[in-house]
Amino acid sequence: LEDDVSLIDGLQYSLKKNGFDVDFVRSVQETLTYLSEIEKYDMLILDVTLPDGTGFEICEKVRKNGNQIPIIFLTASDEEVSIIRGLDCGGDDYITKPFGNSELLARIRTALRHTMQHQTGSDPLLHPYHHGGLTIDFEKRLVTRDETDIHLTQNEYKIVALLAQNSGRVLTYDKLIEYVWGPYSENDNTSLRVHM
């Protein structure tokens, strides 16, 4: 959600170059029409000051409906009261203009990573997973079988942990690759098969 056409062009170029599909809207009213399909989006980036309202209104509406999609405010309003309002109304991050594209991309990756960890339950304080003789201690990042340690690489551990945390659910190759190597990975199914 951004009303500055010149900024939209730069953001669109940078985000698409880094593998994102992007929809731009320029007003609060236009944004409201997209909220009915919010589940198809991974993140919202909102300007604060708009011709017909504020990005805070959109954030509050999304949070009131119980949606936990990551929201980043990207705005020229750098007053402390605006930053506090943005974070208090449910924003995950607040970036002031001017900003560097590298910083924006890093903050996007961080917000998406936190969301992925929350959705997959990869909280290090989870109770250990037990199945047959297999035990996964998420806090210590240890895998044992019949009380014998199984030594895994970091990526092998991530795969095993994600599968255990989603026991009984079908996980796609894409979801596994995104969790292990990140949402912008160029790894393909072959890399995943080798690790499995």
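Residues numbered from 1 in each chain as written. Predicted model: local features only at pLDDT ≥ 70, side-chain atom pairs only at ≥ 80, totals over all residues. Heavy atoms only, no water.

Draft legend 1. A look at the state of the cysteines. Under the counting rule described, the total for this entry stands at zero disulfides. You can see C59 has no disulfide; the closest cysteine sulfur is in C89, sitting 3.6 Å from it. Under the relative-accessibility criterion, C59 is labelled buried at 0%. With a relative accessible area of 11%, C89 lands in the buried category. (Disulfide = S-S within 2.5 Å. Buried < 20%, exposed > 50% of the residue type's maximum accessible area, 1.4 Å probe, protein only.)

Draft legend 2. Quick peek at the packing of aromatic side chains. The full count for this structure, using the stated rule, is three aromatic pairs. Taking 6.5 Å as the distance between ring centres and 50° as the angle between the ring planes, the aromatic pair formed by Y34 and Y41 counts as tilted. We classify Y34 as partly exposed; its relative accessible area is 30%. One aromatic cluster is present, built from ring pairs that chain together F56, F73 and Y94. (Phe/Tyr/Trp six-rings, centres within 6.5 Å; stacked < 30°, edge-to-face > 60°.)

Draft legend 3. Expanded view of the nonpolar core. Membership of the largest hydrophobic core comes to 18 residues, with the highest contact counts inside it found for L44, L46, V62, I71 and F73. Where this core is concerned, the elements lending two or more residues are β1 (44–46), α3 (55–64) and β4 (71–75). With four residues, α3 is the largest single contributor of residues to this core. Each residue touching V62, except ones within four places of it in the same chain, is listed here: L35, I38, L44, N67, I69 and I71. I8, L11, L15 and L105 belong to the second largest nonpolar core, which has 17 residues in total. (Core = buried A, V, L, I, M, F, W, Y, C linked by side-chain atoms within 4.5 Å. Helix = DSSP H or I, 4+ residues; strand = E, 2+ residues; numbered from the N terminus. Contact = heavy atoms within 4.5 Å.)

Draft legend 4. Spotlight on helix α6 (residues 154–165). Taking 1.5 Å of rise per residue, the twelve residues of α6 would be expected to cover 16 Å, and the 16 Å separating its terminal C-alpha atoms lies within 8% of that figure. Listed as buried for α6 are N155, Y157, I159, A161, L162, A164 and Q165. (Expected span 1.5 Å × (residues − 1).)

Draft legend 5. Layout of the sheet that holds strand β8 (residues 142–145). Strand order across the open sheet formed by four strands is β6-β7-β8-β9, with antiparallel pairing between neighbours. Edge strands, defined here as strands with exactly one partner in the open sheet, are β6 (129–131) and β9 (148–150). Averaged over all adjacent pairs, the angle separating strand axes in this sheet is 25°, with direction ignored. Here strand β7 (residues 134–137) pairs with β8 via four bridges, running antiparallel. The residue bridging I136 from the neighbouring strand is V143, located in β8. Along the sheet, α6 makes contact with β6, β7 and β8, crossing β7 at roughly 105°. (Pairing = 2+ DSSP bridges. Axes fitted to C-alpha atoms, helices over the stretch in contact; angles between N-to-C directions.)

Draft legend 6. Representation of the sheet that holds β1 in the model. With parallel pairing, three strands are arranged side by side in an open sheet as β1-β4-β5. In this open sheet, the two strands that pair with only one neighbour each are β1 and β5 (93–96). Strand-to-strand twist across the sheet, computed as the mean angle between neighbouring axes with direction ignored, equals 20°. α3 rests against β1, β4 and β5 of the sheet, and its axis sits at about 175° to β4. Where helix α4 (residues 80–88) meets the sheet, its contacts fall on β4 and β5, and the angle it forms with β5 comes to roughly 150°.

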